[in-house]
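Read off the chains here:
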Amino acid sequence: MLRQSSLAAAISLMLASSAVYAQSNTVGTIYGQAANAKGSTLVVENAATGAKRTITLDESGRFNVTALPAGTYKVTLMKDGAVVSTRDGVEVRIGQGSELLFGSTQTLSTVEVTGKVARLDMANSNNGATFSAAQLDRLPVAKSIDGIIQLAPNTTKADSRYAGGASFGGGAASENAYYINGFPVTNPLTQLGSSELPFGAIANAQILTGGFGAEFGRSTGGVVNITTKSGGNTWEGGVSMSFTPNSLRGTRKDIFYPNTGKNPGTDGKIHTSRRHDTESETSIGAYIGGPLIKDKLFMFAAVERLTHNERFVTLAFNPESPSSASGGTEAHNVNNRYMTKFDWNVTDDHHLELTLLGDSYRREERLSAFDYTTDSRGVAASGVSVFNDVAGKNDGVGAKSQILKYTGSLTQDLTLTVLHGQSSSPHTQSLADYDVSMPGVIASAENRAPGVVYNTDGQPFAGERLLAAGAKDKVKSTRLDIEWQHGKHTVRAGIDNNTLRSINAGESTAGGITYTYFKSAASPDGTVPVTNLRSVGSIIPAAGGQLGTQGYYVRATQFDDITNAESTQAAQYIEDKYQVTKDLLVTAGLRNETYENKNGDGQTFLKNKNLNPRLAFSLDPLSDKTTHVFGSVGRYAIQIPTHIAVRGASRSTYIDTYSTYSGVDAKGAPINPVLLATGSPDNEFGQAKLYQTVAAQDLKAAAQDEITLGIERTLTERLNVGAKLTYRKMISTIDDYCDQTPFNKYAEDHGIDASHWGGFTCASINPGRSNTFLVNYSGDGKTFVPVTLSAADMGFADNPGQRKAPSRSYLALDFFAEHPFRDGWYGKINYTLSYNKGNTEGQTLSDVGQTDVSATQTWDHSGIMEHAYGYLPNDRRHQIKAFGFVELNDQWQVGGNVLLAAGRPTNCLGAYAGSNPTGDQGYGSSYHYCDGKPSPRGTFGRLSWDTRFDMNVVYRPATVKGLTLRMDVFNLLNRQVAQNVDETYLDGDAVSPTFGRTLSYTAPRSVKFTLSYDFK
């Protein structure tokens, strides 16, 4: 890591207050006042590059130097060509104002003026935190963007079944925006997480959890805004190596079957062995930066390779089948990241920068045998599966990005910024022993007919959905911002356009089809109906004869939703920062956003426009810079990811066929199948979807309103305290609706002939509102009948235990105390009391870990919403986050990071047991009913508190300048608690043996050793 001077580090840490002021997404500001300085000038010089800006102070001595790249500056006050006062080491950080005050009791011509940096940013009105490279280097934090996010208040990790992301202020994990050097790096396909960069290349990381201005959009959660390091006039570089050995890692907790009281064969027994899992990590990195042309052209480059090896068991224990040739996995992960940045000071007033950024993730995976009887592994298979940037398989989903940016001070009062960038992210996989002609076969021991051989080993990827060949995501982004200072007003305006394309997105069933074999638990002769079956409701196995008379039947499943998709996102904004008085700043802004989603044929099937007003204030009530009162009110909206077109607007197949059979062939397919029922959960039979019909007309964007109010107080030079109130309320959302019932009724009530209609599949709607659909009842693909359905028509009114409109609210009280870096130590503690309640999480559904963002089953039909109101998955009633470090002397440093968080609320999701005749749509165990009784959301208990303590020890020997030895210990107490559990109550018509099973635990204790050397 690039080592800063002690002064710069101290100022940097001192300025890490609980809120920041988003003056721009990649630059910062120095502002303030000089007494008796009318007609004076201010020279601001970048200490690293020598770039200078000169401005003239206004009549009151005020100054506001904007669009400054993050870094350390020298500020010189001059009058009549003479230096009056100089201030070195002024730290500028992204999105933050550094206030510099020059004061005097006499005229400038007779007495020297001294300057100081104010400890509170009196221009700030945001929620969140900003972390500098120096601060991140001193804390024991995971070297990832998500690790930084978790330091900020009002954030919590996403469900482990999601490939990335985090919850900000009660929002879904897909509702955040990520930027690096102003370019959007959010995962375009699902919006879950982002691409990364070498951790040592981060200069500033701004985590905005609310209250941000009109410059930012496309988020109802939070904003992650990162700027990278740049080269300066001094050549410097470094190398680092780290190792996290398995031998010092805590033993993972085994996962057990819960005691359901209904499954004596498995209750309380081991489900998945974890105690023999192994995991080790190594990383190597290097950076170099310096001048290509002194004072003019600079470069900075950083590379990082992370190697992650793991062995783990995937086989779930079954007393009838305790071993499997593919029950374990051995994986070798190599993750490469790079960043190169070129900065050109064309003149002191014009700056160009080029950023080349990339990360890629490769995983080589071998299957191996595992036997619970002997509690041992077998030899790994020779075949290797390879995954590159595949969500859910790799440690991340990377991209290669190129970003070009121009910043120009056209006049002292007028600044222009233009950015253009693009990225590409291919996703590939090569599967060992995969035979496309072999169907998937799933047949547990209790579901096998005597004397019948079931070939479950022919297709090792049985039941899996596989990535399409040639899958790729592309993003292009163009942004223009202009800022004009006029008197007490600073006006900013801009445009912000993104185009996202996903090519060959989607998945298909391994081998084309999966056969899952069952036996009726209701009766041995198969005469009693098997109920709660996915897509068909119920069957009577004996009706098909053959082995059905003994209760045996098979489900054949086909799934394919591979397609192209595109999204365009256009925005314009204007914002005025009005200095009403010397102590009151009011910021008013308006952001206009337009979102369009297109299918593989380039047809726009979903479009919405929205105006998002924002208003904020910042007040120094005592006029002494010791107390800061701030607040904001605003509306925020979020786009729909490209993934919505994968099933929502393009051809898709999801068919379940239930049959009896007389035997099983060599490939595992049923012999002489006799059809019992065929259905599709969402009427997806591979038919073309008319783009006019897959979304309601005039959709309103998913949006929420937010109010914040906060206060900060400098009690002493060694203590800052503060409190903040945040309230967020969802006002609209977009999800899909899949119930054909009201459309049948409309046709009947209006005398419409629907005999040639292909039927209703699913369409995106605004739940809780009236929606107008275009329906092709004639089946000719040309004639569309506008059908307007109210919330009541769609079943979302007066249902028990729910609200007809989408509901999600977040109420939080935050308190913090901070010891700025003085006396050799820094520390901060945040406590958050929050309530996250509603009937929808938003774009995701963590209850079941569904990855169909904005197309979850939440609003598919009204029955699922009965008793759906309650505490949401991201509700963490209490959270305490504390971090800091102590410099014991010039050579030794100790740091710590603590998290205490209340557990997540849980649900019991069972079969529909309400009174609505259309409430049960064949979704099986997906309803808020448990054992036939209502089970309102979030009332089935809470998981245990999450308690984590990380620490580090750093040694910098005086005898070898630039050498650093470091040890980080994560989860020092090795407390492993459940992060999520299986909330599905039934398996078919019986209590699921895995209901309540822990899905993931906190990672065990690990120890990381790092050796680094920095030189100048």
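See the structure printed just above.
Residues numbered from 1 in each chain as written. Predicted model: local features only at pLDDT ≥ 70, side-chain atom pairs only at ≥ 80, totals over all residues. Heavy atoms only, no water.

## Considering the sheet that holds strand S5 (residues 71-79)
Note: strands within a sheet are paired through backbone hydrogen bonds, in either parallel or antiparallel orientation. How we decide: A pair of strands is considered paired only if DSSP assigns at least 2 bridges between the two. Under the DSSP-based scheme used, a helix requires at least four consecutive residues in state H or I and a strand at least two consecutive residues in state E, with every element numbered from the N terminus. Only the contacting stretch of a helix is used when fitting its axis, a line to C-alpha atoms as for every element, and angles between N-to-C directions run 0 to 180 degrees.
Strand order in the open sheet formed by four strands is S3-S2-S5-S6, and the pairing between neighbours is antiparallel. The sheet is open, and its two borders are formed by strand S3 (52-56) and strand S6 (82-92), each paired with just one other strand. The sheet shows a mean angle of 20° between the axes of neighbouring strands, taken without regard to direction. Examined bridge by bridge, strand S2 (residues 41-46) and S3 share five bridges and lie antiparallel to one another.

## As for the pattern of salt bridges
Keep this limit in mind: By salt bridge we mean one thing: a side-chain nitrogen of Lys or Arg within 4 Å of a carboxyl oxygen of Asp or Glu. Only protein chains enter the accessibility calculation, which uses a 1.4 Å probe; a residue is then buried when its area is under 20% of its type maximum, exposed when over 50%, and partly exposed in between.
All chains considered together, the criterion is met by 47 salt bridges. A salt bridge links Arg311 to Glu330, with the shortest nitrogen-to-oxygen separation between them at 3.4 Å. Taken as a pair, Arg311 in strand S20 (residues 297-313) and Glu330 in strand S21 (residues 323-347) lie far apart in primary sequence, 19 residues in all. Residue classification places Arg311 among the partly exposed positions, given a relative accessible area of 32%.

## So, a nonpolar patch on the surface
Using the following cut-off: To count toward a patch, a residue needs a relative accessible area over 30% and no salt bridge; like charges are then connected within 9 Å, while nonpolar side chains (Val, Leu, Ile, Met, Phe, Trp, Tyr) are connected within 5 Å. Here, Shrake-Rupley sampling with a 1.4 Å probe gives the accessible areas, and only protein chains in the shown set may cover a residue.
The grouping of Leu615, Val633, Ile707, Leu709, Leu725, Tyr727, Leu811, Leu813, Phe815 and Tyr835 at the surface amounts to a nonpolar patch, some 820 Å² of accessible area in total. Sorting the residues of the nonpolar patch by element identifies strand S44 (702-716), strand S45 (719-732) and strand S50 (808-822) as the ones contributing at least two each. Counting residues per element, the nonpolar patch draws most heavily on S50, at three residues. We classify Val633 as partly exposed; its relative accessible area is 40%.

## Brief notes about the nonpolar core
Put simply, the test is: Remark: nonpolar core denotes a set of buried residues (Ala, Val, Leu, Ile, Met, Phe, Trp, Tyr, Cys) joined through side-chain atoms within 4.5 Å. Contact definition: two residues touch when any of their heavy atoms are within 4.5 Å.
Phe131, Ile148, Ile149, Ile202, Ile207, Val224 and Ile226 are the most contacted members of the largest nonpolar core, which totals 37 residues. For this core, the secondary structure elements donating two or more residues are strand S9 (127-132), helix H3 (145-149), strand S11 (166-168), strand S12 (177-180), strand S14 (202-210), strand S15 (223-228), S20 and strand S53 (878-887). If we ignore the near neighbours within four places in the chain, the residues touching Ile149 are Thr155, Ala166, Phe168, Tyr178, Ile207 and Val224. By size, the runner-up hydrophobic cluster in this structure holds 32 residues, among which are Ala565, Ala695, Tyr737 and Val775.

## Concerning the state of the cysteines
Counted only if it meets this: Cysteine sulfurs are considered disulfide-paired once they come within 2.5 Å of each other.
Per the counting criterion, the structure on display carries two disulfides. Note that Cys738 is cross-linked by a disulfide to Cys762, the S-S spacing being 2.0 Å. In this structure, the disulfide formed by Cys738 and Cys762 twists by about 115° around the S-S bond and is classed as right-handed. Residue Cys738 is located in the loop between strand S46 (735-737) and helix H5 (741-749), and its partner Cys762 is located in the loop between H5 and strand S47 (763-765); the two are separated by 24 residues in the primary sequence. On the accessibility criterion, Cys738 (10% relative accessible area) is buried. With a relative accessible area of 13%, Cys762 lands in the buried category. Residue Cys908 pairs covalently with Cys930 via a disulfide, S to S 2.0 Å. Across the S-S bond linking Cys908 and Cys930, the dihedral sits near 65°, which makes this disulfide right-handed. Pair noted here: Cys908 is in the loop between strand S54 (892-901) and strand S55 (929-930) and Cys930 is in strand S55, with a separation of 22 residues, a long-range link. The pair formed by Cys908 and Cys930 is uniform in burial state, with each residue classed as buried. Each disulfide in the protein chain links cysteines that, numbered along the sequence, combine into the pattern 1-2, 3-4.

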